[in-house]
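An overview of the molecular structure
Listed here are the chains, written in short residue letters.
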Protein chains: 2
Amino acid sequence: MPAPDLARTLFNAGLDDFEAAAARVAGDAIRTPLVPWSRGGERSIRLKCENLQPLGSFKIRSGASAVATLAAPGSIVTASAGNFAQGLTLAARRRGLPVTVHAPDSAAGVKLEAVRALGATVVTHPFDRWWQILETRESGDGTFVHPVAEPAVILGNGSIGLELARDWPELDTVVIPFGGGGLATGIALALRAFGRDVRIVACEVETAAPLAAAFAAGAPVAVQRQPSFVDGIGSGRVLDEMWPLLARLVDDVIVVSLAETRAAVRALALEGHLVAEGAGAAALAAALSPRCGGRHVAAVVSGGNIDPARLSEILGGA
Amino acid sequence: MPAPDLARTLFNAGLDDFEAAAARVAGDAIRTPLVPWSRGGERSIRLKCENLQPLGSFKIRSGASAVATLAAPGSIVTASAGNFAQGLTLAARRRGLPVTVHAPDSAAGVKLEAVRALGATVVTHPFDRWWQILETRESGDGTFVHPVAEPAVILGNGSIGLELARDWPELDTVVIPFGGGGLATGIALALRAFGRDVRIVACEVETAAPLAAAFAAGAPVAVQRQPSFVDGIGSGRVLDEMWPLLARLVDDVIVVSLAETRAAVRALALEGHLVAEGAGAAALAAALSPRCGGRHVAAVVSGGNIDPARLSEILGGA
């Protein structure tokens, strides 16, 4: 059953709620560094290094926050194809709770293996059945935790916003990769709750840009998706539940090219000495774009889980 | 002219001196994160990420500290083949001071170009003449700053030790790449000044291990050097001036293999999402060694300036 009113719950969340979420994730996630990027020109750019988290992405924050808020701790269930399932499973394992992950049978085998290795039971389904579980939250086998449209997940992601607010008083713009919207809305709401007026720029890659399409149409619409190495963002459509939040919280959407994203992966590795996956590098690519605006810009490098062969190839190219 | 008594000066340095040095470098260097490494087994390992510094190595601390302590700011001179010259030049440029870098004509062209691009005048010499400048500190053209055996350089490197002491109360062992000894002695002295009793483990790579040889012989001796991709450490001999410090401050030396170092470069990139050069990765390789000992071990990832083709090749290998 969908959360009755996700947007209302979250717009009513105060600083206390975000502080509580930050406290919940503190034992599992690290407080990530905000590292200056030296080549922003007039624009001062800093990288929020979520790629340095355990498991290599911000999803440990989402998972830990969700597990810690369960009213009746017991068997946990989610529908996810990878990163969120890993974060949730690691956080649950530390608390001795079993996790069942429902995944589409099209999910990458290596990601499902990683979830199994962390201790989850993985059940695969034809894509349509899997999507039905994700939409209805009904799988019949435990407490369902949605990977995106879930108050505790979004509050947990908000811990990034609190860290940004405290670490950089001059921050005026934050660039956030858009996958399902849980990261962008969490950061945006936390900054608001903290009393900071910061422009929220979502970024997408040209191969799949459902948020830009939703803003153009005034509502979520289906878009074409081309598979690419940027596998952490880029769904076929904005979730209906997330749209009221996104429509109010996101100030701008920048769509970067695959070439810009590859160049950002390369620059992050060779100049920043950070390994970023496509989604994370896209945030830097967008922050460097003339379209971005802002003087003090944080780019959220959301994760670092890039295929080694792909990274090798990007570094090998001159 | 060599500093009259480097060891005496530094053993007399108190916490105030290290705090002053940390304040001197604060405008140029960042306070680097200490990131947990998830695969240390029983041993808790954390990475001190100096590869995330501006210019990609701890040398910005050395350079900034040295420039800020000049009694009569004016023309600055050093003898260096690369990283230190960059750190010194960047720090000097920010203070409007000209820098002349004396380098051996065998130095990598790309490193000298980088120093020139930062604004230094570069003068190259036959190796023997260059070594003479390094030993005598006489070049006739300004205030000489030694890249290693220089109180302000070592005090500046000590800022890493203060950060470690504050960030990890349980720290019992720190593993530090050994190049000339300025990094290891700075960290060791700062930890002592802070009142912390921490084991100091220096690490070297099998292709050039002058410190292990000096400890075996009881004094600096010349060793064979094989060139390798680990170019940030591995001289042919411990500097005489540094030996009294090293002999008292270093508790153990671990020599790692090139294969272990390559594996650490790969693991840092793919599991830690950090790009490290050979010297920096060697510290993790040593921290993972059964020989290391310790329960709470910091590995100083000293820098990230690795050749892109080499990194690509290491990532490409399975």
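First, a word on scope: everything that follows refers to the structure included in this document. (Residues numbered from 1 in each chain as written. Chains lettered and ligands numbered in written order. Predicted model: local features only at pLDDT ≥ 70, side-chain atom pairs only at ≥ 80, totals over all residues. Heavy atoms only, no water.)

1. Overview of the overall build of chain A
Scanning chain A from terminus to terminus reveals 13 helices and 10 strands. For 318 residues, the compact-globule formula gives about 20 Å, and the C-alpha radius of gyration of chain A, at 18 Å, lands near that figure. With respect to the principal axes defined by its C-alpha atoms, chain A has extents near 55 × 45 × 40 Å. By the burial criterion, 58% of the 318 residues in chain A qualify as buried. Across chain A, the fraction of contacts at a sequence separation of at least 24, relative to all contacts at a separation of at least 6, is 74%. If you sum the accessible surface of chain A, you get close to 11900 Å²; carbon and sulfur atoms cover 51% of it. Between the mean site of the 28 positive side-chain charges and the mean site of the 31 negative ones, chain A shows a separation of 3 Å. (Helix = DSSP H or I, 4+ residues; strand = E, 2+ residues; numbered from the N terminus. Rg over C-alpha atoms; globule rule 2.2 N^0.38 Å. Buried < 20%, exposed > 50% of the residue type's maximum accessible area, 1.4 Å probe, protein only. Contact = heavy atoms within 4.5 Å. Areas by Shrake-Rupley, 256 points an atom, 1.4 Å probe, with all protein chains shown as cover. Lys, Arg positive; Asp, Glu negative; His and termini not counted. Charge placed at Lys NZ, Arg CZ, Asp CG, Glu CD.)

2. A few points about the interface of chain B and chain A
Residue-level contacts link 20 residues of chain B with 20 residues of chain A. Here chain B packs against chain A, burying approximately 1600 Å² in sum over the two surfaces, 73% of which is carbon and sulfur. Inspection of the chain B/chain A interface yields 0 salt bridges. Taken together, chain B and chain A are joined by 9 residue pairs in polar contact (both at pLDDT 80 or more). Per element, the largest residue contribution to the side of chain B that touches chain A is 5 residues, and it comes from helix α13 (residues 308–316) of chain B. Looking at side-chain class alone, the side of chain B that touches chain A contains 12 nonpolar, 8 polar and no charged residues. (Buried area = accessible area lost by both parts, 1.4 Å probe. Salt bridge = Lys/Arg side-chain N within 4 Å of Asp/Glu carboxyl O. Polar contact = N/O pair within 3.5 Å; in protein donor to acceptor, adjacent residues only side chain to side chain. Nonpolar A, V, L, I, M, F, W, Y, C, P; charged D, E, K, R; others polar.)

3. Focus: the relation of the copies chain B and chain A
Of the transformation superimposing chain B on chain A, the axial component is 0.0 Å and the angular component is 180 degrees, with the fit at an RMSD of 0.0 Å. Between the two chains, the operation in question is that of a two-fold axis. (Least-squares fit on C-alpha atoms with pLDDT ≥ 70 in both.)

4. Quick look at the state of the cysteines
All names here are of chain B. Throughout the structure, instances matching the rule amount to 0 disulfides over all chains. Of the cysteine sulfurs around Cys292, a residue in no disulfide, the closest is that of Cys203, at 9.4 Å. Cys292 gets classed as buried once you look at its relative accessible area, which sits at 1%. (Disulfide = S-S within 2.5 Å.)

5. Considering the environment of Arg310 of chain A
Residue and element names in this part refer to chain A. Among the secondary structure elements, Arg310 is positioned in helix α13 (residues 308–316). Counting along the chain gives 174 residues from Arg310 to Thr136, while the straight-line C-alpha distance between them is 36 Å. Apart from residues no more than four positions distant in its own chain, Arg310 is found in contact with Phe229 and Arg262.

6. Comments concerning the packing of aromatic side chains
Within the structure shown, the criterion is met by 8 aromatic pairs over all chains. For the ring pair Phe215 of chain B and Trp243 of chain B, a centre distance of 5.1 Å and an interplane angle of 65 degrees mean the geometry is edge-to-face. Separated by 28 residues along the polypeptide, Phe215 of chain B in helix α9 (residues 210–217) and Trp243 of chain B in helix α10 (residues 243–249) bring together distant segments of the chain. Its relative accessible area of 32% is what places Phe215 of chain B among the partly exposed residues. By the ring-pair criterion, three or more aromatic residues cluster together here, those being Phe127, Trp130 and Trp131 of chain A. In this structure, Arg248 of chain B packs its charged tip against the face of Phe11 of chain B, placed 3.8 Å from the ring centre. (Phe/Tyr/Trp six-rings, centres within 6.5 Å; stacked < 30°, edge-to-face > 60°. Lys NZ or Arg CZ within 6 Å of the ring centre and 35° of its normal.)

7. Some points on the environment of Thr69 of chain A
All names here are of chain A. Along the polypeptide, Thr69 turns up in the loop between α3 (59–68) and β3 (76–79). Thr69 sits in the partly exposed class, given a relative accessible area of 35%. For the pair formed by Thr69 and Ala152, sequence separation is 83 residues and the distance between their alpha carbons is 6.9 Å. If we skip the residues at most four places from it in the chain, Thr69 touches Arg24 and Ala152. Polar contacts involving the side chain of Thr69 include one to the main-chain carbonyl oxygen of Ser65, which spans 3.0 Å.

8. Details of the pairing of strand β10 (residues 296–301) of chain A
All names here are of chain A. The buried fraction of β10 amounts to 5 of the 6 residues, a majority that puts the element mostly inside the structure. Inspection of the sheet shows strand β7 (residues 173–177) paired to β10 by 3 bridges, in the parallel sense. Its bridge partner lying in β10, Thr173 is registered against Val297. (Pairing = 2+ DSSP bridges.)

9. Quick word on the sheet that holds strand β3 (residues 76–79) of chain B
Residue and element names in this part refer to chain B. What the 4 strands build is an open sheet, ordered β5-β4-β3-β6; its pairing is parallel. At either margin of the open sheet sits one strand with a lone partner, and together these are β5 (121–125) and β6 (143–145). On average, each strand axis in the sheet is tilted by 25 degrees relative to the strand beside it, whichever way the strands run. Sheet topology places β3 next to β6; 3 bridges connect them, and they run parallel. Bridging across to β6, Thr78 finds its partner in Val145. Packed on one face of the sheet, helix α6 (residues 127–136) meets β3, β4 (99–104), β5 and β6 and runs near 130 degrees to β4. (Axes fitted to C-alpha atoms, helices over the stretch in contact; angles between N-to-C directions.)

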